[in-house]
Each structure stands twice: as structure tokens, then as C-alpha cells.
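Observations on chain architecture
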Amino acid sequence: MNYQGTGRRSQALRTRRLLGSNRRRQREMGHLCRAGGSPRSPRHLQHLFLFLLFIGPFNCFASYSRATELFYSLNEGLPAGVLIGSLAQDLRLQGAEGLPSRRGEPALSFSLASQGLGGQYVSLDNRSGELYTSVLQIDREALCLENGAGSSASPPVLSPEPCLLLLDVLVLPQEHFRLVKVKIAIRDINDNAPCFPVPNMHLWVPENAPIDTRLAIDHPALDPDLGTNAVQTYRLQDDYGVFTLDVEENESGERTPYLIVMGTLDRETREEYVTLIIAEDGGTPPLLGSATLTIGISDINDNCPQFSDSQLNITVYGNSSTGTHVATIHAVDMDLGSNAQISYSYSQKVFQPSRDLFNLDESTGSIKLSSKIDGDTPRLHRLTILANGPGCIPAVITVLVSIIKVMLRPPEVVPRFIANEVEGVVYLKELEPINTPIAFFTIKDPDEKYKVDCFLDGNGPFRLSPYKPYNNEYLLETTRPLDYEVQQLYEISVVAWNSEGFHVNKIIKVQVLDDNDNSPVFPQQLIELSIEENNAPNAFLTKLHATDADSGERGKVSYFLGPDAPSYFSLDKITGVLTVSTQLDREEKEKYRYTVKAIDSGLPPRESIATVTITVLDKNDNSPRFINKDFSFFVPENFPGFGEIGVISVTDADAGRNGWVALSVINGSDIFVIDTGKGVLRAKVSLDREQQSSYALWVEAVDGGDPAMSSTAKITILLLDINDNPPLVLFPQSNMSYLLVLPSTLPGSPITEVYAVDKDTGMNAVIAYSIIGRRGPRPESFRIDPKTGNITLEESLMQNDYGLYRLLVKVSDHGYPEPLHSTVMVNLFVNDTVSNESYIESLLRKEPDINIEEKEPQISIEPTHKKMESASCMPTLVALSIISLGSITLVTGMGIYICLWKGKKHHRADENLEVQIPLNGRIDLHMLEKKPMEISNI
């Protein structure tokens with residue numbers, strides 16, 4: 001804890017001692033002046049003159065010393081009950097609990113001037129003046145952010161100024177009153193870890209980036225702590241041996257991490273690195289924050305097309321037709337996108353006849369026969385092909401194409417069918433087992449001197465294999481079960497090829513016969529339907545349709561409702577038409593869900609199930625309904641405009657637009673409005689109970705249907721009274737009126753009364769009367785009844801008591817939370833008769849205000865927690881310093897006049913004088929202690 005203000009405290013103590021000595025001298029001079037009523041010697045007048053000249057500035061110092069400033073500091077996050085400081089000890093106040101006090105002086109008390117932001121974090125012992133931390137812990141970052149909690153656009157920033165908690169403490173009672181300004185500096189602790197604004201960050205680095213390339217990371221970590229407790233360093237969890245981090249700090253102290261390339265990158269080897277970037281603050285122990293950093297390697301054109309082989313050998317038969325596919329070449333480029341585009345072209349070394357015979361597709365690399373082969377066509381062709389990439393030297397491949405001459409007498413293929421065959425078509429049932437034999441094929445060579453090979457050409461689950469132990473015999477059989485629903489007809493070719501290149505094809509067709517191996521299938525397993533409520537009987541819903549891949553009777557489908565379907569739904573067995581026989585009501589049931597079946601006619605039959613959901617759509621067949629037919633709201637008067645008076649609850653059983661309800665006031669009132677979205681009733685202006693104490697409204701609720709439906713409800717608004725009217729004084733009617741009081745009036749006799757009324761009600765209209773200002777020869781001779789306002793004479797009037805009495809009467813109500821009051825001047829003229837009425841009226845006009853310096857009133861702290869501001873005396877100090885020389889003569893003359901000619905006891909130095917308040921000014925509850933001025937009798 002740090003304490004500042006020792007110099008101010010010692011100065012205040014010295015000033016207080018000096019003021020006490022001066023006041024004792026004033027009282028002694030006052031007694032001397034009043035004792036005999038005779039003029040003093042010139043020596044005494046000189047002392048009076050010097051005393052007044054000396055005491056003027058110090059009066060202000062005494063009052064100024066009542067304002068004191070204390071400074072403390074503490075760490076944020078402390079628990080409740082930690083002592084911050086003792087105000088009584090630090091101010092060295094006598095009379096506080098635990099400190100010695102003078103005999104007869106009341107004990108000091110301490111209280112916070114307001115329960116604002118500072119009052120939430122501290123607690124004050126009212127007797128000892130000790131200041132402690134409260135249950136609500138202090139969070140410096142929440143307390144001192146420059147822009148609140150921040151936003152996505154701008155993160156929270158801490159103010160560079162010290163974080164201060166400001167308190168105003170009042171020291172009472174009034175004679176020791178002072179306002180203590182307490183400043184508490186909140187020291188930062190490392191209670192916040194660094195945090196990145198985004199959990200994942202992506203950074204692109206070109207693969208040809210040189211070593212020491214620096215790339216800024218756009219989202220540095222944030223830490224609301226200060227100094228070393230803020231972010232200090234960054235590091236990578238895994239740098240893969242090719243990256244590192246560096247941190248740069250700008251002029252404002254912000255630290256930005258930079259990614260530095262430390263090794264060679266190759267996208268073709270690795271195109272992405274994923275690691276964690278870790279931020280660490282400088283606290284003890286340090287706190288960490290992390291985010292995922294993905295480093296992508298962008299491609300450059302650093303690879304060229306390449307062939308896997310340098311040469312390709314291809315054989316083409318002389319009887320091949322135009323368009324026959326010869327070969328496809330393929331080169332590979334490791335780059336991406338446009339950097340990997342490849343085009344193919346012939347080299348200039350390829351002869352034109354070869355170019356004309358073989359067509360090369362420059363995009364795909366496909367080579368096809370573009371013309372017919374004849375007897376003059378060369379038997380060998382060398383095709384040199386280039387693969388071209390952007391900015392690359394072409395890759396080269398050589399394709400050698402050999403053309404084989406065709407024999408004149410091809411081999412002969414003789415089939416012998418095992419399966420059922422009709423006119424060259426073999427019929428097989430689906431689901432036949434594997435290796436079902438279809439046919440034998442005998443291969444014959446007419447020349448009987450060449451070796452003949454036989455193989456199967458075509459797609460399908462078939463196999464042609466040599467049948468041992470015979471030569472030139474081959475067996476055709478199935479390799480898996482056939483499926484009619486997948487494919488019904490296969491066309492395959494048995495090819496015989498001899499060693500000289502002559503070949504022959506035998507086409508075989510296989511027809512698959514259907515079996516009941518498929519169940520009916522609905523297009524959707526969930527069939528979603530909708531229908532408006534209040535439908536006509538036997539309304540159409542939908543037509544169900546299921547397909548069966550089987551053929552004939554096996555594929556014929558019938559439809560049935562599931563056992564969970566309500567009885568009022570019907571499904572036609574043949575057509576699949578679904579209907580509902582009754583009228584549906586959405587408010588009764590909105591959703592229906594049940595199953596339907598599709599069964600085919602096979603043996604045995606097969607079935608499938610689907611689910612039907614029916615949504616009943618709303619129609620506007622329900623009116624809005626208020627929760628209550630009558631609503632009553634009690635609202636305090638002066639309720640702010642557009643404040644929430646109450647919520648009008650209304651429901652509509654319909655849905656969608658039909659259930660949207662709009663509320664409006666229909667009895668012509670332009671004062672009230674209703675928030676349709678929330679049903680909140682508001683008043684456009686502030687309401688005054690004294691003008692109108694209640695309102696009756698009719699509210700209409702209209703839904704959004706077409707046509708719309710509506711209902712109405714009554715709303716009664718009753719205004720509760722608050723204390724917003726000060727008492728109104730009806731008598732006396734003017735501050736200039738007066739009343740003659742005879743000197744012979746007996747004590748206790750009623751003189752006059754003050755009568756006032758209050759427009760409020762209850763305790764807000766209960767009035768109390770009090771005299772708060774007096775003036776006259778003996779003003780304490782009159783009192784007022786606080787309840788009735790009757791003014792009575794307290795003491796017998798003497799001859800010296802003749803003259804004009806002016807009583808300032810305060811008329812106050814008992815309102816809550818703060819009473820209101822008015823003032824009125826009661827003028828009483830004590831004399832045997834009114835001999836000169838114009839003289840009295842001139843006195844009233846001449847002095848309309850009571851501007852008498854008086855002792856500071858005793859002020860009690862009300863539970864309303866008003867803020868009490870100390871009256872600054874700095875302007876008074878400056879004014880006294882400027883006019884002190886000019887006022888010397890005037891003050892001396894007034895002293896001589898009072899002591900020599902009057903000699904009457906108008907002022908008692910040791911008595912508490914009642915407060916004199918000007919009629920046309922506000923009552924200042926913080927008047928400085930001043931010496932009263934003397935007033936002569938009228």
C-alpha cells in the first residue's frame with residue numbers, strides 16, 4: 001500500500017490550529033465589545049483591524065483543508081477482506097474508532113458518497129475508516145479497457161493510463177466534515193493467457209522461395225495484460241527443419257511474428273506443413289496460447305513432361321479397318337494446373353506417309369489408323385512423338401508399328417451346343433450355378449500346317465478353355481451366376497488365330513431367362529405428403545408406385561396398408577391410390593406416419609415396405625385468443641416514454657401466417673402503442689397521475705390469415721403516485737404580505753398560519769412545516785407547529801423587540817425516495833399599530849432576500865444516497881486576496897458602528913444559529929462556516 005498526502009495533512013493540521021486560535025480571539029473581542037457597550041480605545045480598534053486583515057485568507061484555508069486526497073495501490077484479483085488502508089490513521093483523525101478523541105467530541109463515522117463502480121469492489125468500515133476488498137474481485141482488464149469488451153472488428157485495448165478506482169468518502173459529523181478523494185491504482189498480474197483471434201491460420205509460400213524469406217503472420221496473439229505479462233515470444237511446435245519464427249516490435253510496442261524460410265522447399269515432395277504456433281507471455285510462470293498454422297507450398301513450373309519408356313512396339317494386322325485404335329502414349333508432369341498441361345505432336349523426322357496412315361490426338365496421345373492398309377503400305381513405321389509442356393524441352397518417345405500380312409485361308413470354328421439353343425441363341429436361366437457348360441468348339445486349320453490359337457472376345461461372365469485331353473477342343477462355360485435384371489442378352493465372339501496372322505470369329509448370343517428373385521421397390525423409402533385441414537371426404541393424397549425388376553407375373557405389384565395405418569385411410573390394391581375418408585383437423589393432429597406394402601405375384605411372393613408421412617397444413621380456422629379477457633397494469637406515474645408497461649399475451653392455434661397475430665389499440669388513443677412482435681404495451685409519453693389516474697383501452701388481435709380473424713380484450717392502466725409535486729403554499733399568498741403583531745400578545749397565542757396542499761397522494765401528500773430562516777430583533781420568539789403550520793408566540797415581547805420579523809418557512813412532504821419542499825416568507829411587524837404602512841412596504845421591497853452569513857447547518861445523511869459535493873473555496877480565496885485592502889475601511893467602520901451605537905446582543909459566538917436562506921435561491925446544504933453579520937432593528 002502507498003500513501004500520499006502527508007504534506008497536505010500536516011498543512012491542514014497547522015491551518016486548523018491557527019483557525020482555532022483566531023476563533024478564540026474573535027470570541028474574546030466579541031465579549032469585550034458587547035460587555036459595556038462603550039467604545040474601545042484606539043489600541044483595541046487597531047487590534048481588531050489587524051485581526052480581520054489576517055484571518056480572511058485563513059478562513060478559506062480551513063475550509064479547503066476539508067478536501068483530502070489519498071492514494072493506494074493493490075494487485076487485481078485479491079480475495080475479499082484484504083486491507084487496502086485505514087483512512088482514520090492515514091488522515092490522523094481524532095475521534096475515529098481506535099484513535100484518541102477529545103472529551104465531549106462525537107465519534108467520527110465514514111461512508112461512501114455514492115455506491116458507484118468503485119463501491120462494488122471495496123467495503124468501508126463506517127467506524128474505523130478501514131478500507132477492505134469486497135467479495136467482487138477486481139479485474140483490471142475488465143475495469144480499464146479503452147473500448148469495452150471489444151468486437152470482432154476491433155479487439156479490446158488497454159488504456160496506457162494507470163488503472164484507477166476512484167472513491168469519494170465522507171467524514172462526519174458535520175463539525176469535522178470533509179470529503180476524502182481516494183484513488184486506488186490497480187496493478188496488473190499475469191491472469192490472462194495469450195489468445196489468437198482465429199484458431200486456424202493459413203500461409204502460402206512459393207516452392208522457389210529463397211532462404212531467409214520473411215512472411216508476416218496476419219493474426220498475432222492478443223493478451224490484455226500489460227508489460228512483461230503481455231505476449232513476449234512466439235515459437236513453432238515443429239519447424240520441420242525448414243522454418244523458424246522471428247518477432248518484430250513496432251514503435252507502439254506491438255509484436256508481430258514473421259515466418260522465415262530456412263531450407264529448400266519442393267511442392268512435388270511435400271505440398272503442406274501443419275504445425276502449432278505458440279505465443280508465450282513474460283509472466284511467472286509464463287502462460288501460453290496456440291493456434292494451428294498450415295503452411296501451403298504453392299506450385300511453380302519446375303518440372304517437365306516425362307515418358308516412362310523411350311520406345312513402344314506395336315503390331316497392326318493388314319486387314320484392320322479404318323479408325324482401329326493402335327496405341328496410346330502418356331507422359332507425366334509433376335506440376336499442377338496450367339504448369340502440368342501436355343500436348344503431343346509428331347517430330348519433324350516422321351515421314352509424311354506415316355503421318356497420313358496414323359492419326360495422333362494432340363490432347364490424349366491416342367494413335368488410330370486413319371486410312372486402309374493396302375499392298376503398297378510399308379510394313380514398318382517409326383513414329384517419333386514429342387510431349388510438349390509450357391517452358392520445357394519436349395520429352396521424346398519412339399513408337400515402332402509393324403504391319404502383319406493376313407492369310408487367305410482362315411481357320412474354321414465348329415460349335416456343339418450343350419445348353420438349350422435356338423437359331424444360334426443360347427438360353428440360360430438366371431441364378432444358374434458357376435461353371436455351367438454352354439458349348440464345345442472344335443478348331444480346324446484348312447492348311448493343316450499352322451498352329452491355331454483360340455480365345456474369347458467380348459464382355460460377360462464366360463470362359464473359353466482347352467478341353468483336355470483333346471487337341472483343338474475348347475469348352476465355353478459360365479464364371480458366375482447370371483442376373484436377368486442386370487443384363488438379359490450377351491454377345492460374345494470365339495476367335496481362332498493361326499501363326500501366320502489369319503483369324504476367324506464365331507458370334508454366340510446368350511439370352512438370360514427371368515426368375516422371381518427381386519422384390520418390389522418404392523422410389524423412396526419415405527413418402528412425404530401434405531394436405532390442408534378441413535379437407536373433403538375421400539380426398540386424394542397420392543398414387544403409390546413400386547417397380548419390380550422381374551418380368552411377367554413375377555413383376556406385377558399389389559399395394560396394401562400397414563397395420564399401423566389409421567382406419568380412415570384407404571389404399572387401392574391395384575392402382576396404389578391413397579385417399580383419406582374423413583376430415584382432418586391440424587389442431588387435433590398435425591402429423592400422421594404409417595407403413596405401406598408392395599407385394600409381387602411370384603411364387604413365393606416377395607414384398608417391400610415404405611413409410612408414409614402426412615403433414616396436415618393449416619387453414620385460418622381459429623381466431624386469436626387472449627390469455628385474459630381483461631388485463632390490468634399498475635404503472636408508476638412519470639414512467640419514461642416508450643417504457644414497457646406490460647405484456648399482452650395472445651395465442652392463435654393456427655400455424656404460419658394464420659397464426660401470426662398483430663395487436664393494435666382500437667379506441668382511438670394516440671398515447672399508447674403495442675409492440676406486435678412481443679405484445680409489449682408502451683406509452684409514447686410520460687404519464688401524469690395528477691392529470692389522469694387511469695386509462696381504459698380496447699385492444700384488437702388480428703391474425704395473418706386470408707380472410708383474417710380477430711378478437712378483442714380490455715386493458716386497464718392504473719397510475720401509481722410518485723412524489724413529483726412539491727407542496728403548494730396557499731397562505732400567505734405573497735412573500736410581500738405582512739401581519740401586525742401587538743406587543744401585548746401573550747406567549748402561546750396563535751399569530752398566523754402557513755397553509756399548503758400537495759397534489760400527490762398518501763405519504764407523498766403528508767406535509768410538515770418548519771422555520772429554516774429567521775430575521776428580526778429576537779427571531780426565536782416565534783415557532784411553527786410542524787403538523788398544522790400554526791405560528792405561535794413563544795416568549796413575551798419587550799420594547800426592544802419591536803420591528804419587522806421575517807420567517808422563512810419550509811413546507812416539505814414525506815415523499816419517497818426523496819421528499820420535496822417549497823418555501824414561503826412570513827413577515828410579522830411587532831408594534832402597537834401600523835403608523836406608516838408605506839414604510840413597512842418599502843422595507844419589504846428594499847430587502848427581498850435574506851442574505852445573512854450564518855453558521856453551517858447540521859446535515860444528517862439520508863438513506864437516499866445523495867451525492868454531497870464540497871464547496872470549493874478557491875474562488876473565495878482569490879476574491880479575498882484581491883479585495884482585502886479595499887474592504888479594510890468598510891470592516892473597521894462596521895465594527896466601530898456596532899460596538900459604539902448598538903451594543904445589543906444580536907449574535908452569540910458560541911450558539912448554533914438557524915440557517916437563513918434567500919427566498920429566490922436554492923438551499924445549499926454545504927455552506928462554509930462563516931461569522932454572522934450584525935443586523936440592526938427596524
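The present account deals with the structure reproduced in this document. Computed from a prediction, not measured in an experiment: that's the story for all the values here.

Glancing now at the sheet that holds strand S25 (residues 420-422). Spatial ordering of the open sheet is given by S25-S26-S32-S31-S28, a layout of 5 strands whose pairing is mixed. For this open sheet the edge positions go to S25 and strand S28 (452-457), each flanked by a neighbour on one side alone. Within the sheet, the average angular offset between the axes of one strand and its neighbour, ignoring direction, is 30°. Examined bridge by bridge, strand S31 (residues 489-498) and strand S32 (residues 503-513) share 9 bridges and lie antiparallel to one another. Residue pairing across strands places Glu491 opposite Lys509, the latter belonging to S32.

Membership of the largest hydrophobic core comes to 27 residues, with the highest contact counts inside it found for Phe110, Val182 and Ile184. Looking at this core, the elements that each hand over two or more residues are strand S1 (67-75), helix H3 (87-91), strand S3 (109-112), strand S4 (122-124), strand S6 (164-172) and strand S7 (178-187). In terms of nonpolar packing, the next biggest core, distinct from the first, is built from 25 residues, Ile314, Val326, Tyr344 and Ile367 among them.

Another aspect to go through is the environment of His545. In this structure, His545 sits in the loop between strand S34 (539-543) and strand S35 (557-561). Put simply, His545 and Val577 are 32 residues apart on the chain and 9.0 Å apart in space, counted from C-alpha to C-alpha. Contact partners of His545, with chain neighbours within four places excluded, come to Val521, Phe522, Pro523 and Tyr559.

Opposite charge on two side chains allows them to pair when their charged atoms are near. Counted by the stated rule, this structure contains 23 salt bridges. Between Glu794 and Arg783 there is a salt bridge, and its shortest N-O distance comes to 4.0 Å. You can see Glu794 sitting in the loop between strand S55 (790-793) and strand S56 (803-813) and its partner Arg783 sitting in strand S54 (residues 782-784), a full 11 residues away along the chain. Glu794 gets classed as partly exposed once you look at its relative accessible area, which sits at 40%.

Moving on, we get to the state of the cysteines. Taken as a whole and assessed by the stated rule, the structure comprises 2 disulfides. With a sulfur-sulfur separation of 1.8 Å, Cys144 is cross-linked through a disulfide to Cys163. Since a negative S-S torsion denotes a left-handed disulfide, the Cys144-Cys163 link at about 70° is right-handed. In this pair, Cys144 sits in the loop between helix H5 (140-143) and S6 while Cys163 sits in the loop between H5 and S6, placing the two residues 19 residues apart along the sequence. For the pair Cys144 and Cys163, one class covers both residues: buried.

Let's shift gears to helix H7 (residues 837-846). Three or more residues of H7 are buried, namely Ile840, Leu843 and Leu844. Buried residues along H7 cover an arc of 95° about the axis, so they all sit on one side. Exposed and facing more than 90 degrees away from the buried side of H7 are Arg845 and Lys846. The elements touched by buried residues of H7 are strand S50 (738-741), S56 and strand S57 (821-830).

Note on backbone geometry: most residues besides glycine have negative phi, and most peptide bonds are trans. With an omega of 10°, the peptide bond running from Leu172 to Pro173 counts as cis. Its location among the elements puts Pro173 in the loop between S6 and S7. Residue Arg92 is not a glycine yet carries a positive backbone phi of 55°. Checked against the element boundaries, Arg92 lands in the loop between H3 and S3. Classification of Arg92 by relative accessible area gives exposed; the value is 55%. Positive phi, close to 50°, is recorded for Glu423, a residue that is not glycine. Within the secondary structure, Glu423 is located in the loop between S25 and strand S26 (425-429).

Quick notes on the rules
- Residues numbered from 1 in each chain as written.
- Predicted model: local features only at pLDDT ≥ 70, side-chain atom pairs only at ≥ 80, totals over all residues.
- Heavy atoms only, no water.
- Pairing = 2+ DSSP bridges.
- Helix = DSSP H or I, 4+ residues; strand = E, 2+ residues; numbered from the N terminus.
- Axes fitted to C-alpha atoms, helices over the stretch in contact; angles between N-to-C directions.
- Core = buried A, V, L, I, M, F, W, Y, C linked by side-chain atoms within 4.5 Å.
- Buried < 20%, exposed > 50% of the residue type's maximum accessible area, 1.4 Å probe, protein only.
- Contact = heavy atoms within 4.5 Å.
- Salt bridge = Lys/Arg side-chain N within 4 Å of Asp/Glu carboxyl O.
- Disulfide = S-S within 2.5 Å.
- Arc of directions from axis to C-beta.

Structural measurements only, silent on function.
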